[in-house]
Amino acid sequence: MVVGIFAFGLNLHLLPLWADEPIRALVSFHMLLDHNWLNPHLNGLPYLNKPPLYNWLLALFIKIFGTKEWVIRLPSYIAILGFSAQLYFLGLKIYQNKVKAILLGASLLISGNFLVFSSLLGHIDIPFSWLVFNQIYWSFYFLKRKKYRQIFAFSYLFCGIGFMMKGLPSLVFQSISLFTLFFGGKQFKKIFKPEHFLFFGLFTLAIIGYFWFFSLNGSLVDLMHVLFKESSQRTMVNKTLWQTIKHLVEFPFKILVDFLPSIFLTFFFFGKKFRHKFRTSDHALLAWVALFNLFPYWLSPDYRARYVFALLPLLCIPIIEAMDLSLFRSRILKKALFTLLIIVFFLLLCGSLGHPVYSMNPVNYQIALLMMLIFWGSYLYYFRNGHVLMDLVMFFLMGKLFLNVFALPLRKSHISMPSEKLLAKRIAEITKNKELEMMNCNIELSMNWYITTLRNQPTKTRTENFDTVRFYIVPEDIIRYPEDVTYYLRFVRKFENKKMALVKFKKLRHKQSKVVENENEEPRYYLNQ
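Definitions and cut-offs
- Residues numbered from 1 in each chain as written.
- Predicted model: local features only at pLDDT ≥ 70, side-chain atom pairs only at ≥ 80, totals over all residues.
- Heavy atoms only, no water.
- Helix = DSSP H or I, 4+ residues; strand = E, 2+ residues; numbered from the N terminus.
- Buried < 20%, exposed > 50% of the residue type's maximum accessible area, 1.4 Å probe, protein only.
- Contact = heavy atoms within 4.5 Å.
- Areas by Shrake-Rupley, 256 points an atom, 1.4 Å probe, with all protein chains shown as cover.
- Patch = residues over 30% accessible without salt bridge, like charges linked within 9 Å, V, L, I, M, F, W, Y side chains within 5 Å.
- Salt bridge = Lys/Arg side-chain N within 4 Å of Asp/Glu carboxyl O.
- Axes fitted to C-alpha atoms, helices over the stretch in contact; angles between N-to-C directions.
- Nonpolar A, V, L, I, M, F, W, Y, C, P; charged D, E, K, R; others polar.
- Expected span 1.5 Å × (residues − 1).
- Bend = angle between axes of the 7 residues up to and from the residue.
- Polar contact = N/O pair within 3.5 Å; in protein donor to acceptor, adjacent residues only side chain to side chain.
- Pairing = 2+ DSSP bridges.
- Phe/Tyr/Trp six-rings, centres within 6.5 Å; stacked < 30°, edge-to-face > 60°.
- Lys NZ or Arg CZ within 6 Å of the ring centre and 35° of its normal.

Draft legend 1. Broad picture of the overall build of the chain. Looking only at helices and strands, one finds 21 helices and nine strands in the chain. Out of the 529 residues in the chain, the part that is buried amounts to 52%. Relative to all contacts within the chain whose residues are 6 or more apart in sequence, the contacts with residues 24 or more apart total 74%. As presented, the chain carries roughly 25900 Å² of accessible surface, and 64% of it is formed by carbon and sulfur atoms.

Draft legend 2. Layout of a nonpolar patch on the surface. Together, Leu57, Leu60, Ile64, Phe65 and Trp70 give the surface a local cluster of nonpolar side chains, amounting to about 460 Å² of exposed area. Sort the elements by how many residues they give to the nonpolar patch and helix H3 (residues 53-65) lands first, with four residues. Inspection of the secondary structure puts Ile64 in helix H3. Relative accessible area serves as the criterion here: at 55%, Ile64 is assigned to the exposed category.

Draft legend 3. Structural context of the environment of Ser28. If you trace the backbone, Ser28 turns up in helix H2 (residues 21-34). Overall, Ser28 belongs to the buried group, its relative accessible area being 0%. Here the alpha-carbon distance between Ser28 and Asn55, two residues 27 residues apart in the chain, equals 4.8 Å. Sequence-distant contacts of Ser28, defined by excluding residues within four places in its chain, comprise Asn55, Leu58, Ala59 and Ile62.

Draft legend 4. Spatial organisation of the packing of helix H7 (residues 125-144) against helix H15 (residues 311-322). Interaxial distance between H7 and H15 falls to 9 Å at its minimum, and their mutual angle equals 40°. Along its contact with H7, which presents Phe133, Ile136 and Tyr137, the element H15 presents Leu311, Pro313, Leu314 and Ile317. Among the residues forming the contact of H7 with H15, the class breakdown is seven nonpolar, no polar and no charged.

Draft legend 5. Structural context of helix H4 (residues 69-95). If you check H4, its first and last C-alpha atoms are 39 Å apart, about what 27 residues at 1.5 Å a residue would give, namely 39 Å. Of all the bends in H4, the greatest measures close to 40° and is centred on Pro75. Within H4, 20 of the 27 residues are buried, which leaves it mostly tucked inside the rest of the structure. Positioned one or two residues after H4, Gln96 has a phi angle of 55°, which is positive.

Draft legend 6. Spatial organisation of helix H5 (residues 98-106). Taken across its nine residues, H5 has seven buried, putting it largely inside the fold. For H5, every residue scored as buried is listed here: Val99, Lys100, Ala101, Leu103, Leu104, Gly105 and Ala106. Sitting at the head of H5, Asn97 places a side-chain oxygen 2.9 Å from the backbone nitrogen of Val99.

Draft legend 7. Geometry of the pairing of strand E7 (residues 498-505). The pairing of strand E5 (residues 471-475) with E7 spans four bridges and is classified as antiparallel. The partner of Tyr472 across the bridge, within E7, is Val503. Examined bridge by bridge, strand E6 (residues 485-493) and E7 share eight bridges and lie antiparallel to one another. Looking across to E7, one finds that Arg493 is bridged to Lys498. Counted along the chain from E6 to the antiparallel partner E7, the turn is four residues long, and its residue Asn497 has a positive phi close to 55°.

Draft legend 8. Quick look at the pattern of salt bridges. Using the criterion set out here, one finds 14 salt bridges in the structure. Residues Asp125 and Arg306 are paired through a salt bridge, measuring 2.9 Å at the closest nitrogen-oxygen approach. Highlighted residues: Asp125 in helix H7 and Arg306 in the loop between helix H14 (284-298) and H15, separated in sequence by 181 residues. With relative accessibility at 5%, the residue Asp125 sits in the buried group. Of the residues examined, Arg306 reaches a relative accessible area of 13% and is grouped as buried.

Draft legend 9. Geometry of the packing of aromatic side chains. Throughout the structure, instances matching the rule amount to 46 aromatic pairs. Seen in terms of ring centroids, Phe114 and Phe309 are 5.2 Å apart; in terms of plane orientation they differ by 75°. Their pairing is edge-to-face. Here Phe309 lies in the loop between H14 and H15 and Phe114 lies in helix H6 (residues 112-116), a separation of 195 residues in the sequence. Here Phe114 matches Phe309 in class, with each residue buried. Put simply, the rings of Phe83, Phe133, Tyr137, Trp138, Phe140, Tyr141, Phe142 and Phe154 touch in pairs and so form one group of aromatic residues. Above the face of the Tyr95 ring, Lys100 is positioned so that its terminal group lies 6.0 Å from the ring centre. Lys504 extends its terminal NZ or CZ atom over the ring of Phe471, reaching a point 4.7 Å from the ring centre.

This is how it looks when you write it as structure tokens:
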């Protein structure tokens, strides 16, 4: 547990914000600046893709701890620790076996996509997955005890929180899960109990209340349109036939890769004795709930592993319960695993310290020594006295520790994001205490985040009513008369390889107008034509 906490928390500050991180950060920071908590904005424009709950949480962290990268990732890190700790203690209660409990607690931590990619990011999906897991698990827990009021009370409470965090996906999980639980639990008629209608009504009233407060300062029609579009745009409705067929074929293999090695637990189904124990397990229904909730993503070509993190532990609970741990007590297997572990570990360690990124920094040798001490301590405890499955868990946690200590600095040295951060700092210095806007464009969101926080004001997008007072970030190809422009900085937006500039206009020849160069293209704007 200590190794896991250390491994997943180390170097959270190292990489600049990337992927969707700056979106959440910018929206939350904008809330702190304008105190508009129900109508989020991004670049000065309404941001309707997600309800505001996660932004409130992130804004609170920013208010308390500041705008460093680790702060943006802190809610996700806390969710990682809370989720895995809950699974561990849940495993202790279900299995009455520490080995199985640790295996359940680590089931998500050691899965490929989570271990290598998603746990590095301050995305909304890990906290949301923790909510969805509780939404489903406690429904199952109370169904087994026939406490129907608690089923609907807790499930709609978590569903409401999830809706305010991510929108319609929470309702999809709720409807599929309740239907599967009551139908699979042979209590389908109970789904029509008055308590269900009562708590569904309270849930609906709460959501209507949010919509009403939003409508006081925003367009409710636009909000509804964007929420439905956000949930449907990744489905086959908006994809070609070929994209859909390709995804239908690839999806099982994507799941296999994304959730290795935990997904290997499903291979136990090839054993007749295991299948019998699984069928008689009190928790087998959870696996069916996980599989039925997975089905909509099989029909969604833009599937991402992080959308279904909540489902893996639900699948693992009954599988681990039915496992026979005596199958893993082979001393040959234990020695083979330890030999593989020590070879891989020291090859990676030596190879990394030999890389120029690390070799000039003596601190890395101290970290390497610490890692070797941790490794030796884990050997003394687990590899000599523990279970081979614990060896596997330790293997992947040590791999995560290696990734965060050595691979992240290497990644930082090979990506463009640090240069964007330096550019942002330069732009903030040039425009200090001056007005700055983006003209008919958006820069990289990570650069936007650093400019915004350094200047302590939003960097807005403007499409009309330009002047000669403000600084503008503009695409160079829309400036027709360079002699009318003072250039302060030139750079390239690397995502599109697009030349950009920080400028001030000396004069405006006449009013800006739209120019359509091709009837199939969007209008382009020229300022000083």
